Amino acid sequence: MKRILCTGDSHTWGEGAAGLAEEFDPPMVAGDLRLTRFCSGGYVNRLRHKINQYTGSYAKEWTAKEISALPGASLSAPWAEIGEEAVSLLFSGALIRMEFCAQSSPSVVEVSIDGVSSGLIDLQSQVKNDYRLLTFHLEEGEHRLSLRACRGKVFLYRIESYGGSCAVINSGVGSSPSLWYKERFWESHVASVNPDIVLMEAHSINDWLTGISLDNCYRNLMELIEGFRSLRSSVILMTVSPILGEQRLLGLTTEYGDYVEISRRAAMDAKIPLCDANAIMAECIRGLPEGQASSLLFYNGWHVNDRGHALYAELLAQTLLNGGYLDQ
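Nothing here was measured: the structure is a model prediction, and the numbers come from that model.

How would you sum up the packing of helix α2 (residues 43-55) against helix α10 (residues 306-322)? Please name residues and give values.
Contact geometry for α2 and α10: axes closest at 8 Å, N-to-C directions at 40°. The angle between the axes of α2 and α10 places the two elements in the oblique class. Crossing angle aside, the handedness with which α2 passes α10 is right-handed. Counted together, Tyr43, Arg46, Leu47, Lys50, Ile51 and Tyr54 of α2 and Asp306, His309, Ala310, Tyr312, Ala313, Glu314, Leu316, Ala317, Leu320 and Leu321 of α10 form the full contact between these two elements. Class assignment for the residues of the contact of α2 with α10 results in 11 nonpolar, 1 polar and 4 charged.

Hey, could you go over helix α7 (residues 256-270) for me, with residue numbers and the actual values?
Taking 1.5 Å per residue as the helical rise, α7 with its 15 residues ought to reach 21 Å, and the 22 Å between its terminal C-alpha atoms agrees with that figure. For α7, every residue scored as buried is listed here: Tyr256, Tyr259, Val260, Ile262, Ser263, Arg264, Ala266, Ala267 and Ala270. One or two positions beyond α7, positive phi appears at lysine 271, with a value near 60°.

Which residues make up the packing of aromatic side chains, and what values go with them?
Applying the stated criterion across every chain, the model contains 10 aromatic pairs. Ring centres of tryptophan 13 and phenylalanine 24 lie 5.4 Å apart, and the angle between their planes is 20°; on these two criteria the pair is classed as stacked. Of this pair, tryptophan 13 sits in helix α1 (residues 10-13) while phenylalanine 24 sits in the loop between α1 and α2; the two residues are 11 residues apart in sequence, bridging distant segments of the chain. By the burial criterion, tryptophan 13 is buried, and phenylalanine 24 matches it. When the ring centre of phenylalanine 38 is taken as origin, the NZ or CZ atom of arginine 158, which lies over that ring, is 5.0 Å away.

Can you lay out the packing of helix α4 (residues 178-191) against helix α6 (residues 214-230) for me, pointing to particular residues and giving the numbers?
Interhelical geometry of α4 versus α6 gives an angle of 15° and a closest axis separation of 10 Å. In terms of axis orientation, α4 runs roughly parallel to α6. Considering only the axes of α4 and α6, their crossing is right-handed. For the pair α4 and α6, the contacting residues are Ser178, Leu179, Tyr181, Lys182, Trp186 and Val190 in the first and Asn220, Leu221, Glu223, Leu224, Gly227 and Phe228 in the second. The residue inventory of the contact of α4 with α6, partitioned by class, reads 7 nonpolar, 3 polar and 2 charged.

Describe α2, with residues and values.
Look at α2: 18 Å from first C-alpha to last across 13 residues, which is about the 18 Å you get at 1.5 Å a residue. Within α2, burial applies to Tyr43, Val44, Asn45, Leu47, Arg48, Ile51 and Asn52. Just downstream of α2 lies glycine 56, where phi reads positive at about 75°.

Outline the pattern of salt bridges, supporting the account with residue identities and numerical values.
Summed over all chains, the structure comprises 16 salt bridges. Measuring nitrogen to oxygen at the nearest pair gives 3.6 Å for the salt bridge that ties arginine 37 to glutamate 61. Of the two residues, arginine 37 sits in the loop between α1 and α2 while glutamate 61 sits in strand β2 (residues 58-63), which places them 24 residues apart along the sequence. Across the pair glutamate 160 and arginine 97 runs a salt bridge, and its minimum N-O distance is 3.2 Å. On the criterion of sequence distance, the pair formed by glutamate 160 in strand β9 (residues 154-163) and arginine 97 in strand β5 (residues 87-101) is long-range, its members being 63 residues apart. Look at arginine 97 and you get buried, because its relative accessible area is 1%. The network of salt bridges with common partners includes Arg37, Glu61, Arg97, Arg158 and Glu160.

Explain the sheet that holds strand β13 (residues 274-275) to me, using residue names and the numbers behind them.
Sheets are built from strands that pair by backbone hydrogen bonding, the pairs being arranged parallel or antiparallel. Spatially, 5 strands are ordered β10-β1-β11-β12-β13 in an open sheet, and the strand pairing comes out parallel. In this open sheet, the two edge strands, each paired with only one partner strand, are β10 (166-172) and β13. Of the pairings in the sheet, the one linking strand β11 (residues 197-201) to strand β12 (residues 234-238) comprises 5 bridges and is parallel in character. Pairing of valine 198 across the sheet is with valine 235, part of β12. Its contacts with the sheet put α10 on β1 (2-8), β11, β12 and β13, and the angle it makes with β12 is roughly 145°.

Cut-off values and rules
Residues numbered from 1 in each chain as written. Predicted model: local features only at pLDDT ≥ 70, side-chain atom pairs only at ≥ 80, totals over all residues. Heavy atoms only, no water. Axes fitted to C-alpha atoms, helices over the stretch in contact; angles between N-to-C directions. Helix = DSSP H or I, 4+ residues; strand = E, 2+ residues; numbered from the N terminus. Parallel < 35°, antiparallel > 145°, perpendicular 65-115°, else oblique. Left-handed = near helix turned anticlockwise from the far one by under 90°. Contact = heavy atoms within 4.5 Å. Nonpolar A, V, L, I, M, F, W, Y, C, P; charged D, E, K, R; others polar. Expected span 1.5 Å × (residues − 1). Buried < 20%, exposed > 50% of the residue type's maximum accessible area, 1.4 Å probe, protein only. Phe/Tyr/Trp six-rings, centres within 6.5 Å; stacked < 30°, edge-to-face > 60°. Lys NZ or Arg CZ within 6 Å of the ring centre and 35° of its normal. Salt bridge = Lys/Arg side-chain N within 4 Å of Asp/Glu carboxyl O. Pairing = 2+ DSSP bridges.

What follows is the structure, encoded as structure tokens:
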């Protein structure tokens, strides 16, 4: 299976896509670590649909509500509570990913696949609204997942499985500048997937908002690229959409566009393909009054709408297909 990993911030996570906000109860917050569902119009979902159609691959998801209907589980919204009696789930594919809600009190789960235990996994964390993301790689085929609470309460938020020749996986985390993403989410969201291809959104908006210098932004992007390469991943960098409104914030000496330019420079210096979504979108709205530009591409000043997400997906699909990445 070729694992295609989409990394980035809230644009990759899916913010602005129709139907996304409605799927979260309690409502989504900035930097939300809950994985998004496959059904919203975010660009990763659209790209997955295109790639699955092209390759005959498939993916399936189980929400907490669906998991809670299984024997041994119960609904403790927004999670499924896993009891001491093993909760069993049959699935097909070669990769499965599950997300647990971490607990401030002791919480330990045993994960078994096809009767083989992966050991006891500690879910305790003192970080508020923390989640633990686990990924398992398997032989393609039918499998049985079993989960059992071994200590304390165990809450499961979501399960995803992938099968066929390709898996398009969303590892975007909202409100994450490039350095924060590398420091906090590398093992859980990147290394655990062991990606063959990384579609790297450049984190430009959050790097700009946090006011890091352009030199540090460049350095962080290059370190991310080298980190992906250390996993033997092919890397494609995608620029982030234009924004509406003020391009320079009070107290910041640089404009948002400067960070987009830095991401282009990083792709050029690293000699990796550039999917310049920012340039294509800027051309789409060139000369339009801000109100018309907003209705055409934007959900709000900093996030694109469904049309913008569709454009992201189309440009990435073209880059993958034209570059022969799916035929290698």
